[in-house]
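The residues making up each chain are set out below.
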Protein chains: 2
Amino acid sequence: MMGDARPIGVFDSGVGGLTVLRALNARLPGESTLYLGDTARVPYGTKSPAVVTRYSLKNAAFLVDRDIKLLVVACNTATAAALPALEQGLAIPVIGVVAPGARAAAAAAPPSGRVAVVGTPATIKSGAYTHALRALRPDVEVVGRACPLFVPLAEEGWTDGEVPRLVAERYLGDLRGRVDALVLGCTHYPLLKDAISGVLGPGTRLVDSAEATAAEVAERLQSAGLLAPAGAVPHHGFNVTDVPDRFVEVGARFLGRGLPGAEQVDISFA
Amino acid sequence: MMGDARPIGVFDSGVGGLTVLRALNARLPGESTLYLGDTARVPYGTKSPAVVTRYSLKNAAFLVDRDIKLLVVACNTATAAALPALEQGLAIPVIGVVAPGARAAAAAAPPSGRVAVVGTPATIKSGAYTHALRALRPDVEVVGRACPLFVPLAEEGWTDGEVPRLVAERYLGDLRGRVDALVLGCTHYPLLKDAISGVLGPGTRLVDSAEATAAEVAERLQSAGLLAPAGAVPHHGFNVTDVPDRFVEVGARFLGRGLPGAEQVDISFA
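Conventions and cut-offs
Residues numbered from 1 in each chain as written. Chains lettered and ligands numbered in written order. Predicted model: local features only at pLDDT ≥ 70, side-chain atom pairs only at ≥ 80, totals over all residues. Heavy atoms only, no water. Helix = DSSP H or I, 4+ residues; strand = E, 2+ residues; numbered from the N terminus. Rg over C-alpha atoms; globule rule 2.2 N^0.38 Å. Buried < 20%, exposed > 50% of the residue type's maximum accessible area, 1.4 Å probe, protein only. Contact = heavy atoms within 4.5 Å. Lys, Arg positive; Asp, Glu negative; His and termini not counted. Charge placed at Lys NZ, Arg CZ, Asp CG, Glu CD. Salt bridge = Lys/Arg side-chain N within 4 Å of Asp/Glu carboxyl O. Polar contact = N/O pair within 3.5 Å; in protein donor to acceptor, adjacent residues only side chain to side chain. Core = buried A, V, L, I, M, F, W, Y, C linked by side-chain atoms within 4.5 Å. Domains from an automatic or database assignment. Buried area = accessible area lost by both parts, 1.4 Å probe. Least-squares fit on C-alpha atoms with pLDDT ≥ 70 in both. Axes fitted to C-alpha atoms, helices over the stretch in contact; angles between N-to-C directions. Parallel < 35°, antiparallel > 145°, perpendicular 65-115°, else oblique. Left-handed = near helix turned anticlockwise from the far one by under 90°. pLDDT = per-residue confidence, 0-100. Pairing = 2+ DSSP bridges. Right-handed = clockwise from strand over helix to strand, strands pointing away.

With that out of the way, let us pick up the overall build of chain A. Check the secondary structure of chain A and you find 11 helices and 10 strands. Its C-alpha radius of gyration of 18 Å places chain A within 12% of the 18 Å reference for a compact globule of 270 residues. Projected onto its principal axes, the C-alpha positions of chain A cover 50 × 40 × 35 Å. When each of the 270 residues of chain A is scored for burial, the buried share is 59%. Of the contacts made within chain A by residues no fewer than 6 positions apart, 76% connect residues no fewer than 24 positions apart. Here chain A carries 25 positive and 26 negative side-chain charges, and the mean point of each set is 5 Å from the other.

What follows is the structure, given as structure tokens:
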């Protein structure tokens, strides 16, 4: 087996998926990645499943054209709305963030425990996490909560101080001391971990699906014989559908390191 | 003269333009209107001029196909980015919100006064208000300030209480007592008037371009002989590019009355 040097494709509506890419790069340092942020149509979280599915199929087609070996849907809203359509339409493996996140939450919850899921209005409305969690752990009680202001707060970089604390209090204050685990069901939310933990208190464990997703990608590549050959020099490409300025600026906070630059591509009307 | 019963076309990226439609309906109660909210691609305020122009031309083409007699660009970002392209491409009159808003601000500012303009990152970056204001009143000092969180706050309905007050304080606190007038340079912002005034204090007059825009539309229809015939029964249509649920729910707050329902149309890939 020589391995497969083709990149892993990753898409999100914008910068949020960079938290998943970060975990992926840390877990699989020898793998090349190609990231696509659909910044011309961001955000997805307040849009309908039909529109999100249409955009997701376009994003996937773009990445598949660039010869990726596996697709990561690094956006909870897109996973919740479009994963079946993507799996059906593509010949390569497709991994979303919901199932790994649900498995991590299921592992974190005590018997007959309570789990909260926070996400965009679209993700919460889909019930995707609730279904996945209840299938794994029928004894667990699940409560979903849409927190639409968390995305703009994270993008604005207002991740600490009074404003995020008050916003988190307003969304989640009534859950304080009442849930064993909370799933960060949106790839933007890890940036607001401190504000969210501060409101919920030390008894609630925060679950981030980024690492669980990276672990699943590693397993899938391994079992399919698709890991990059030993000694391969990885390449990390970034594409966006609007001009890259804001993506590069805001994205560095999500990726945890400077972005090397991103190329604008036109897939909106392709 | 029999008048012209065709509707006035109005577009915005989403619900924000309903504040302009509201002023238009109040000022011209006999006129029919056709509103288009591009909810599949909202928001425009964080996107590039090229992308906003592309979307604006699609929106305008949709409305022109439905035989409107005049187009109102009820979105500051779209006006700032795309007004010249729209004027050049259409055979009917086109009215944006920036020039009327700038005229109202120019009238409100004392000699050698100071005017602040708040808007989306795209509107502020364009400098459209600053240019328009300086052309009218070279003696006036203009300061622009992007306030990206105001849009999600208004859409979430968090228009009073501690969160909007703190957000307004963080964006505008340093301007307290230092500006004579402030232009609400985004159609979402009138919903946050109280929070903004509370931070700036009673010495700052808030200027909303909706009424100034409605007055300009009235004038233009009158001078072109395009007013609706006396006794005409007006019709008000609403179209959106994503499913109408959220638009109808959130939009009622912006329009100040219940929305009669909205029809989804597909112009994204037309």
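Time to look at the interface of chain A and chain B. Each partner contributes residues to the interface: chain A has 34 residues there, and chain B has 34 residues. At the junction of chain A and chain B, the tally comes to 2 salt bridges. Residue Arg54 of chain B is joined to Asp266 of chain A by a salt bridge in which the shortest nitrogen-to-oxygen separation is 3.3 Å. At the surface where chain A touches chain B, the tally comes to 10 residue pairs in polar contact (both at pLDDT 80 or more).

To continue, consider the nonpolar core. Leu18, Phe150 and Leu172 of chain A together with Leu18, Phe150 and Leu172 of chain B are the most contacted members of the largest nonpolar core, which has 113 residues in total. Beyond its immediate stretch of four places on either side in the chain, Leu18 of chain B contacts Tyr35, Phe238, Phe247, Gly251, Phe254, Leu255 and Leu259 of chain B. Within the second largest apolar cluster, 24 residues are counted, among which are Leu36, Leu63, Leu83 and Ile267 of chain A.

Attention now goes to the domain arrangement of chain A. Residue and element names in this part refer to chain A. Each assigned domain of chain A is listed with its residue range as follows: domain 1 (8-96 + 211-264) and domain 2 (99-209). Taken together, the contact between domain 1 and domain 2 spans 24 residues of the former and 23 residues of the latter. Summing the contributions of domain 1 and of domain 2, the shared interface buries around 1,700 Å²; its carbon and sulfur component is 54%. The largest share of the area that domain 1 buries against domain 2 comes from Asn76, Arg253 and Phe254, three residues that together contribute 30% of it. For the pair domain 1 and domain 2, the number of links is 2 salt bridges. For Glu155, the salt bridge is made with Arg246, and the minimal N-O distance between the two is 3.3 Å.

At an RMSD of 0.0 Å, chain A and chain B line up after a rotation of 180° and a shift of 0.0 Å along the axis. Such a turn and shift between the copies fits a two-fold axis. Rotation axis and chain A: the residue whose C-alpha lies nearest the axis is Arg41 of chain A, separated from it by 2.6 Å. Of the interface residues in chain A, 100% have counterparts in chain B that sit at the interface too, so the contact is made through matching surfaces.

Residue and element names in this part refer to chain A. Relative to the helices and strands, Asp12 is located in strand β1 (residues 8-12). No salt bridge is formed by the buried Asp12; the nearest opposite charge belongs to Arg246, separated by 11 Å. Among the polar contacts made by the side chain of Asp12, one reaches the main-chain amide nitrogen of Gly16 at a distance of 3.0 Å. For Asp12, the residues in contact, after removing those within four places along its chain, are Gly17, Tyr35, Leu36, Gly37, Asp38, Ala74, Cys75 and Thr187.

In this section: the packing of helix α4 (residues 98-108) of chain B against helix α6 (residues 128-136) of chain B. Residues and elements named next belong to chain B. For the pair α4 and α6, interaxial distance at closest approach is 9 Å and the crossing angle is 50°. When the interaxial angle is binned, α4 and α6 end up oblique. Handedness of the crossing formed by α4 with α6: right-handed. Where α4 approaches α6, its residues Val98, Gly101, Ala102, Arg103, Ala105 and Ala106 are matched on the opposing element by Ala128, Tyr129, Ala132, Leu133 and Leu136.

Once that is clear, we can look at the confidence of the model for chain A. In this model, chain A carries a mean pLDDT of 95, and residues with pLDDT of at least 70 account for 99%. Interface confidence in the predicted complex, given as ipTM, is 0.90; pTM for the same model is 0.93.

As a further point, take the sheet that holds β1 of chain A. Sheet strands line up and pair through hydrogen bonds in the backbone, either parallel or antiparallel. In space, the 6 strands of this open sheet follow the order β4-β3-β1-β2-β9-β10 (chain A), with parallel pairing throughout. Strands with a single pairing partner mark the edges of an open sheet, and in this sheet they are β4 (94-96) and β10 (263-264) of chain A.

Residue and element names in this part refer to chain A. Relative to strand β8 (residues 205-208), strand β7 (residues 181-184) is paired through 4 bridges, and the arrangement is parallel. When the bridges of β8 are listed, Leu184 appears paired with Asp208. In this fold, the crossover linking β7 to β8 by way of helix α9 (residues 193-200) has right-handed handedness.

Bringing the sheet that holds strand β5 (residues 114-119) of chain B into the picture now. Residues and elements named next belong to chain B. Strand order in this open sheet of 4 strands is β6-β5-β7-β8, and the pairing throughout is parallel. Both edges of this open sheet fall to β6 (141-146) and β8 (205-208), since each of them pairs with a single strand only. Across this sheet, the average inter-strand angle for adjacent strands is 25°, counted without regard to direction. Along the sheet, helix α9 (residues 193-200) contacts β7 (181-184) and β8; its crossing angle with β8, the most-contacted strand, is approximately 150°.

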